[in-house]
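Letter by letter, the chains look like this.
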Amino acid sequence: MRSVTALFLGASTLVLAGPAFAQERDWTGPYVGISAGLDLQGSDRDAPIEFDTNLDGSFGDTVSTRGGLNAFGPGFCGGRAVSATPTGCKQDSDRVGYAGHVGYDVQFGNIVVGAVGEFGKSNISDASSAYSVTPARYAFTRQIDWNAAGRLRAGYAMGNTLPYITGGAALVRVNRGFETSNTANSFTLDDDKRNAWGYTAGGGIEQRVADNFSIGVLYTYTNVNDESPTVAVGPGSAPVTTNPFLLVNPAGTDMRRSDDRFDWHSARVTASLRF
């Protein structure tokens, strides 16, 4: 979070200290531009993996060994498991994101209102993992293929400086995956791509540095609902009488991540050409 805060504060200082040689003009009109900066995952959560051992569609069952122990007693981690034991969990990290945008503003006195649409890509990824007593690792992963948003915004014009708030709908194309070190069972992911809807909100400052060109900084928080895919665990080469995934139902067990929320913070530098 420190890196995002430092970037945002530094860019804000540059915007507010930018050249004031642009002729003061009305903000009414269309514009196009680009933005780029850092995207930050929210705090990693040890979101448990859920199980449906009798395949009745209800998750929340415990996968037990033949001796009655919890087969996933070693626990979970809010990241990508890279080893078969809880000592190896790669946490989600901050990544660069970028987008193009097009919008239109209308000014009434000092009040400026408008709408903007953007399309781009955030390079963040998110994972949630479990560890079994085998030992073995199981990781649900997701990455953004592309993301889009349609936002309204409202600001208060102070000459060539425009602070504003913004918010609207977000649409994200999510690539989902599953990986495991368990070679005894079979694992089938039911849905590897999905469109996820949600919302985005934030605020920023735009500074006109020429009659038809402006730069700025923008902070947004985005939250979409990415319903977890289901992994069907089958017999594979595992013995039905002793394998925990098969003890309740020889046909296998379904598993999924418990957290459907995919959210992140963005701090971007923007540049727009106005007409």
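Residue positions are given per chain, counted from 1 along the sequence in the order it is written. It should be noted that, the model being predicted, local features are given only for residues of pLDDT at least 70 and side-chain atom pairs only at 80 or more, the latter also being counted only at that level, while totals for whole chains, interfaces and linings use all residues. Side-chain figures throughout are based on the complete set of non-hydrogen atoms in the structure, without hydrogens or water.

**Topic: the overall build of the chain**
Secondary structure follows DSSP: runs of H or I at least 4 residues long count as helices, runs of E at least 2 residues long count as strands, and numbering of each begins at the N terminus. Within the chain, the secondary structure is distributed over one helix and 16 strands. Note that the radius of gyration is over C-alpha atoms, with the globule rule given as 2.2 Å times the number of residues to the power 0.38. Relative to the compact-globule value of 19 Å for 275 residues, the chain shows a C-alpha radius of gyration of 24 Å, a clear excess of over 25%. Overall, the chain is about 80 × 30 × 20 Å in size when its C-alpha atoms are taken along their principal axes. Exposure classes here rest on a 1.4 Å probe applied to the protein chains alone. A residue is buried below 20% of its type maximum, exposed above 50%, and partly exposed in between. For the chain, buried positions account for 45% of its 275 residues. Counted as positive: Lys and Arg. Counted as negative: Asp and Glu, with His and the chain ends omitted from the count. Working definition for charges: the position is that of NZ of Lys, CZ of Arg, CG of Asp or CD of Glu. Between the averaged position of the 22 positive side-chain charges in the chain and that of its 27 negative side-chain charges there is a distance of 4 Å.

**A word on the packing of aromatic side chains**
By convention here, two paired aromatic rings are described through the distance between centres and the angle between planes. Two rings from Phe, Tyr or Trp (for Trp, the six-membered ring) form a pair when their centres are within 6.5 Å of each other. A pair whose planes differ by under 30 degrees is stacked, one over 60 is edge-to-face, and the rest are tilted. Tallied over the entire structure, the rule returns 11 aromatic pairs. When the ring of phenylalanine 72 is compared with that of tyrosine 138, the centres are 5.2 Å apart and the planes differ by 55 degrees; the resulting orientation is tilted. Residue phenylalanine 72 is found in the loop between strand E2 (49-52) and strand E3 (75-77), and its partner tyrosine 138 is found in strand E9 (residues 136-156); the two are separated by 66 residues along the sequence. Summarising the burial analysis for this pair, phenylalanine 72 and tyrosine 138 share the class buried. Between the aromatic rings of tyrosine 138 and phenylalanine 245, the centroid separation amounts to 6.1 Å while the plane-to-plane angle is 70 degrees, which identifies the pairing as edge-to-face. Here tyrosine 138 is found in strand E9, whereas its partner phenylalanine 245 is found in the loop between strand E14 (231-234) and strand E15 (253-257), with 107 residues between them in sequence.

**Brief notes about the pattern of salt bridges**
For salt bridges, the criterion is a side-chain nitrogen of Lys or Arg within 4 Å of an Asp or Glu carboxyl oxygen. This structure, assessed with the given rule, holds 16 salt bridges. Across the pair arginine 137 and glutamate 179 runs a salt bridge whose closest N-O atoms are separated by 3.1 Å. Of the two residues, arginine 137 sits in strand E9 while glutamate 179 sits in strand E10 (residues 161-180), which places them 42 residues apart along the sequence. Owing to a relative accessible area of 17%, arginine 137 belongs among the buried residues under this scheme. Linking arginine 153 and glutamate 206 is a salt bridge whose minimum nitrogen-to-oxygen distance equals 2.9 Å. Here arginine 153 is found in strand E9, whereas its partner glutamate 206 is found in strand E12 (residues 193-210), with 53 residues between them in sequence.

**Things to note about the confidence of the model for the chain**
Here the chain averages 91 in pLDDT, while 91% of its residues score no lower than 70. The least confident element of the chain is helix H1 (residues 2-16), whose mean pLDDT is 47; the most confident is E14, at 98. Note on residues 1-20: pLDDT under 50 across the span, and 27 contacts to partners over four residues away in sequence or across chains. Per residue, pLDDT captures the predictor's confidence, and it can take any value from 0 to 100. By the convention used here, residues are in contact when the closest approach between their heavy atoms is within 4.5 Å.

**Some points on the sheet that holds E15**
Pairing within the open sheet is antiparallel, and its four strands lie in the order E2-E15-E14-E11. Strands at the two margins of the open sheet, each flanked by one partner only, are E2 and strand E11 (186-189). Geometrically, the sheet is characterised by an average inter-axis angle of 25 degrees between neighbouring strands, direction not taken into account. A pair of strands is treated as paired once DSSP finds two or more bridges between them. Here E2 pairs with E15 via four bridges, running antiparallel. Residue pairing in the sheet places phenylalanine 51 in a bridge with methionine 255 of E15. Helix axes use the C-alpha atoms of the stretch in contact, all axes being lines fitted to C-alpha atoms, and the angles between their N-to-C directions lie in the range 0 to 180 degrees.

**A closer look at unusual backbone geometry**
Looking along the chain, the bond that leaves threonine 134 and enters proline 135 is cis, with omega of 5 degrees. Here proline 135 shows up in the loop between strand E8 (125-132) and E9. Residues other than glycine seldom take positive phi values, yet leucine 55 does so here, at roughly 55 degrees. The topology assignment puts leucine 55 in the loop between E2 and E3.

**A look at the pairing of strand E7 (residues 111-122)**
In the case of a regular strand, side chains alternate between the two sheet surfaces. Taken together, the 12 bridges between strand E6 (residues 95-108) and E7 define a ladder with antiparallel strand orientation. If you follow tyrosine 98 over to E7, its bridge partner there is lysine 121. In this sheet, E9 lies alongside E7 in antiparallel orientation, the contact comprising 10 bridges. Residue pairing across strands places glycine 114 opposite arginine 153, the latter belonging to E9.

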